[in-house]
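Here is what each chain is made of, one letter per residue.
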Amino acid sequence: MTKRVAILISGGGSNMVALAQSMVGDHPARPVLVLSNDPDAGGLAKAADLGITTAVVDHRSFHNDRSAFEAELNASLEVSQPDIICLAGFMRILTADFTARWDGRMLNIHPSLLPKYKGLHTHARALDAGDSEHGCTVHQVTAALDGGPILGQARIAVHADDTADTLAARLLPMEHALYPAVLRRFARGDMTPVMLP
Ligand code: GRF
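Since this is a predicted model, take the numbers as computed values, not measurements.

Peer 1: Lay out the overall build of the protein chain in plain terms, naming residues and giving numbers.
Peer 2: In terms of regular secondary structure, the protein chain is built from six helices and eight strands. Helices and strands appear in the protein chain in the N-to-C order β-α-β-α-β-α-β-α-β-α-β-β-α-β. The globule rule puts the C-alpha radius of gyration for 197 residues at 16 Å, and the 16 Å found for the protein chain is close to it. Its C-alpha atoms put the protein chain at 50 × 40 × 30 Å along the principal axes. Sorting the 197 residues of the protein chain into buried and exposed places 47% on the buried side. Intrachain contacts of the protein chain at a sequence separation of at least 6 include 61% that bridge at least 24 residues. Summing over all exposed atoms, the protein chain offers an accessible surface of approximately 9,000 Å²; the carbon and sulfur share of this is 55%.

Peer 1: Report on the pattern of salt bridges, specifying residues and quantitative values.
Peer 2: For the coordinates displayed, the defined rule picks out seven salt bridges. Between D58 and R60 there is a salt bridge, and its shortest N-O distance comes to 3.0 Å. Accessibility expressed as a relative area gives 18% for D58, which makes it buried. Here E78 makes a salt bridge to R101, at a shortest N to O gap of 2.1 Å. With E78 in helix α3 (residues 66–80) and R101 in helix α4 (residues 96–101), the pair connects residues that are 23 residues apart, well separated along the chain. Salt bridges sharing partners connect three or more residues here, namely D38, D58 and R60.

Peer 1: Can you tell me about unusual backbone geometry, naming the residues and giving the values?
Peer 2: With an omega of 10°, the peptide bond running from L114 to P115 counts as cis. Among the secondary structure elements, P115 is positioned in the loop between β5 (106–110) and α5 (122–128). Omega for the bond connecting L196 with P197 falls within 30 degrees of zero, at -5°, which places this linkage in the cis form. Of note in this structure, Y117 is not a glycine but carries a positive phi near 55°. With a relative accessible area of 16%, Y117 lands in the buried category.

Peer 1: Tell me about helix α6 (residues 164–187), residues and numbers included.
Peer 2: Its 24 residues give α6 an end-to-end C-alpha distance of 33 Å, which sits within 8% of 34 Å, the value for a rise of 1.5 Å per residue. When the local axis directions of α6 are compared, the greatest deviation, roughly 25°, occurs at L172, which is followed within four positions by the proline P173. Restricting attention to buried positions, one finds in α6 the residues L167, L171, E175, L178, Y179, P180, V182, L183, F186 and A187. One or two residues past the end of α6 sits G189, with phi positive at roughly 80°.

Peer 1: Let's hear about the sheet that holds strand β3 (residues 54–56): which residues, and what values?
Peer 2: Judged by pairing direction, the sheet is mixed, and its eight strands sit side by side in the order β3-β2-β1-β4-β5-β6-β7-β8 without closing on themselves. Each edge of the sheet is formed by a strand with only one pairing partner; in this case those strands are β3 and β8 (194–196). Recorded for the sheet is a direction-independent mean angle of 20° between the axes of neighbouring strands. Here seven bridges tie strand β1 (residues 3–9) to strand β2 (residues 29–36), and the two strands are oriented parallel to one another. Paired with I9 across the strands is S36, a residue of β2. With respect to the sheet, helix α2 (residues 42–49) is in contact with β1, β2 and β3, its orientation differing from that of β3 by roughly 155°.

Peer 1: Hey, could you go over the pairing of strand β4 (residues 84–87) for me, with residue numbers and the actual values?
Peer 2: Along β4, one buried face is formed by I84 and C86 and the opposite face, lined by I85 and L87, is buried too. The sheet contact formed by β1 and β4 spans four bridges and is parallel. The residue of β4 that forms the bridge with L8 is L87. Between the parallel pair β4 and β5, the chain is carried across by α4, and the sense of this crossover is right-handed.

What counts, and where the lines are drawn
Residues numbered from 1 in each chain as written. Predicted model: local features only at pLDDT ≥ 70, side-chain atom pairs only at ≥ 80, totals over all residues. Heavy atoms only, no water. Helix = DSSP H or I, 4+ residues; strand = E, 2+ residues; numbered from the N terminus. Rg over C-alpha atoms; globule rule 2.2 N^0.38 Å. Buried < 20%, exposed > 50% of the residue type's maximum accessible area, 1.4 Å probe, protein only. Contact = heavy atoms within 4.5 Å. Areas by Shrake-Rupley, 256 points an atom, 1.4 Å probe, with all protein chains shown as cover. Salt bridge = Lys/Arg side-chain N within 4 Å of Asp/Glu carboxyl O. Expected span 1.5 Å × (residues − 1). Bend = angle between axes of the 7 residues up to and from the residue. Pairing = 2+ DSSP bridges. Axes fitted to C-alpha atoms, helices over the stretch in contact; angles between N-to-C directions. Right-handed = clockwise from strand over helix to strand, strands pointing away.

In structure tokens, the structure reads:
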């Protein structure tokens, strides 16, 4: 049975594009929705160009009422009936209620080698720590921020002249390789971690 995938974004959506473009042929999943909390997210136009239904639930309309925002999020998701949710550059913190509702069916990509550098500014923190390698992680989403079971990691070397921007730019293509590889396995019920390279 083909799994239905909703992808949540907040920005450019390069990971969403990589995921959507991977779900072809014998891939066990297909994208059914791209939803953004930001009506100006560049990824919305990219999703529309790919023929994927889009939706916006603008978090600013709910001020700081996270549960009201998430109720609207769930209402929008209910329409598409996803089996799997992929957070892809989605920048809103989700409550324990929301993560519990989608427990075991929601993935996220985080630009660090978790459990290192949970939260923001991961590239700068890796540089500040003098790390010789950096990377990204795809994990299941739980109530613990960036703390769920790891489903895959991709590693890159840190160069002496790297800045946060050059590191992020070199990591992004690895994210675009890792996330689709993890989703293909996850959609088949295979939790074996994907390790790149
Ligand atoms: C990426 O670095 C991703 O790791 C992080 O958000 C950034 C932008 O992602 N979660 P995208 O281009 O919007 O997919």
